[in-house]
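# Residue-level structure breakdown
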Amino acid sequence: MISVRNRELEIVNSWSLPGPRVTHLDEVLVRAGFNTARDDSQGDHYLWLLVKQATSDDLAARIVLQRILPPLLAIARRRGRIVEGGIDTAIADVLPSAWGVIRKYPWHRRSNKVAANLVRDSEYYAFVHGNRSKRYKVIPIDPLVLSESLVAPQDEFDEEINLDKLIALALAQGINPKHIAILRAVASGENASAIATRYGVAERTARAWRAKAISELRVRTRCAV
């Protein structure tokens, strides 16, 4: 299990982050503000240090992505109401967007409210920036819902969710094991083209795999309810 593998723990401890030596990657998430008070300034600073590391370190970026996964899923649920393709397409859009935001975050000038900044930027680049190329359903929208979609999230989400827990739950519920690798690829920011190259299949096939994997994750974990 990656959370307790010696190699990953050695890498994390080499970053000289505040606090005692890390013995489980969940400790890093908690120290970075996962499931803590919203005004956790220490957690915010710890997350800032992680994001700084994430600009050049895949493992740090993956940890940061897990830290903000709950609000990203909340965005996907909300955006899924208007994006053609629903929640599946919204998840497929927001996760790669978040990965890019994490890797390019301007840590040198945005050192406060890091989680909120990451989430807001991820939504912007996934659904607002360049959205002329995206197709949306034309359906009646409650004005309150519409206004909420234009405001940065305030971390009102279920903090108990993270990618490993979602996948573990999905496995317990009978998800196709072949979909797990696809889900992890999507979570790490790989698009359909990258997945197709990895498995030596057509991009259309990779898109179909991705859609099925995300759809089954949603059904098995009920994360979009």
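Structural data are supplied above this passage.
A brief look at the structure comes next. Every chain begins its residue count from 1, and numbering advances along the sequence as written. Since the coordinates come from a predicted model, pLDDT governs what is reported: local features require at least 70, and pairs of side-chain atoms require 80 or more to be given and counted, while whole-chain, interface and lining totals use all residues. To get the side-chain values, all heavy atoms of the structure are used, and hydrogens and water are removed first.

### Some thoughts on the overall build of the protein
Condition: The helix count covers DSSP runs of H or I at least four residues long, the strand count covers runs of E at least two residues long, and both are numbered beginning at the N terminus. Categorising residues by exposure relies on relative accessible area from a 1.4 Å probe, with only protein chains included: less than 20% of the type maximum marks a residue as buried, more than 50% marks it as exposed, and the intermediate range marks it as partly exposed. Contact definition: two residues touch when any of their heavy atoms are within 4.5 Å.
Summing up its helical and strand segments, the protein has 12 helices and 0 strands in all. For the protein, the N- to C-terminal ordering of α and β elements is α-α-α-α-α-α-α-α-α-α-α-α. For the protein, buried positions account for 46% of its 225 residues. For the protein, long-range pairs separated by at least 24 residues make up 65% of all intrachain contacts whose partners lie at least 6 apart in sequence.

### Thoughts on the pattern of salt bridges
Using the following cut-off: Here, a salt bridge means any side-chain nitrogen of Lys or Arg that lies within 4 Å of a carboxyl oxygen of Asp or Glu.
Under the criterion given, the structure shown has 7 salt bridges. Taking the shortest distance from any N to any O, the salt bridge between glutamate 27 and arginine 31 comes out at 3.6 Å. Of this pair, glutamate 27 and arginine 31 both sit in helix α2 (residues 25-31), 4 residues apart, which is roughly one turn of the helix. Note that aspartate 121 is salt-bridged to arginine 110, the shortest N-O span being 2.7 Å. In this pair, aspartate 121 is assigned in helix α7 (residues 114-128) and arginine 110 in the loop between α6 (86-103) and α7, connecting sequence segments 11 residues apart. The network of salt bridges with shared partners includes Arg78, Arg79 and Glu123.

### Description of α7
Defined as follows: Under the convention used throughout, the expected extent of a helix is 1.5 Å for every residue step, that is, one less than its residue count.
Here α7 is 15 residues long and its end C-alpha atoms lie 20 Å apart, about the 21 Å a rise of 1.5 Å per residue gives. Within α7, 11 of the 15 residues are buried, which leaves it mostly tucked inside the rest of the structure.

### Concerning the packing of aromatic side chains
Formally: Two aromatic rings, drawn from Phe, Tyr or Trp (for Trp, its six-membered ring), form a pair once their centres lie within 6.5 Å of each other, and the interplanar angle then sorts them: stacked below 30 degrees, edge-to-face above 60, tilted otherwise.
Within this structure, the stated rule accounts for 3 aromatic pairs. Aromatic pair tryptophan 48 and tryptophan 107: ring centres 6.1 Å apart, planes at 70°, arrangement edge-to-face. With tryptophan 48 in helix α3 (residues 41-54) and tryptophan 107 in the loop between α6 and α7, this pair connects stretches of sequence that are 59 residues apart. Ring geometry for tyrosine 199 versus tryptophan 209: centroids 5.7 Å apart, planes at 80°, classification edge-to-face. Taken as a pair, tyrosine 199 in helix α11 (residues 192-199) and tryptophan 209 in helix α12 (residues 203-221) lie far apart in primary sequence, 10 residues in all. A residue is classified by how much of its surface remains accessible, and tyrosine 199, at 35% relative accessible area, is partly exposed. Judged by its relative accessible area of 31%, tryptophan 209 is partly exposed.

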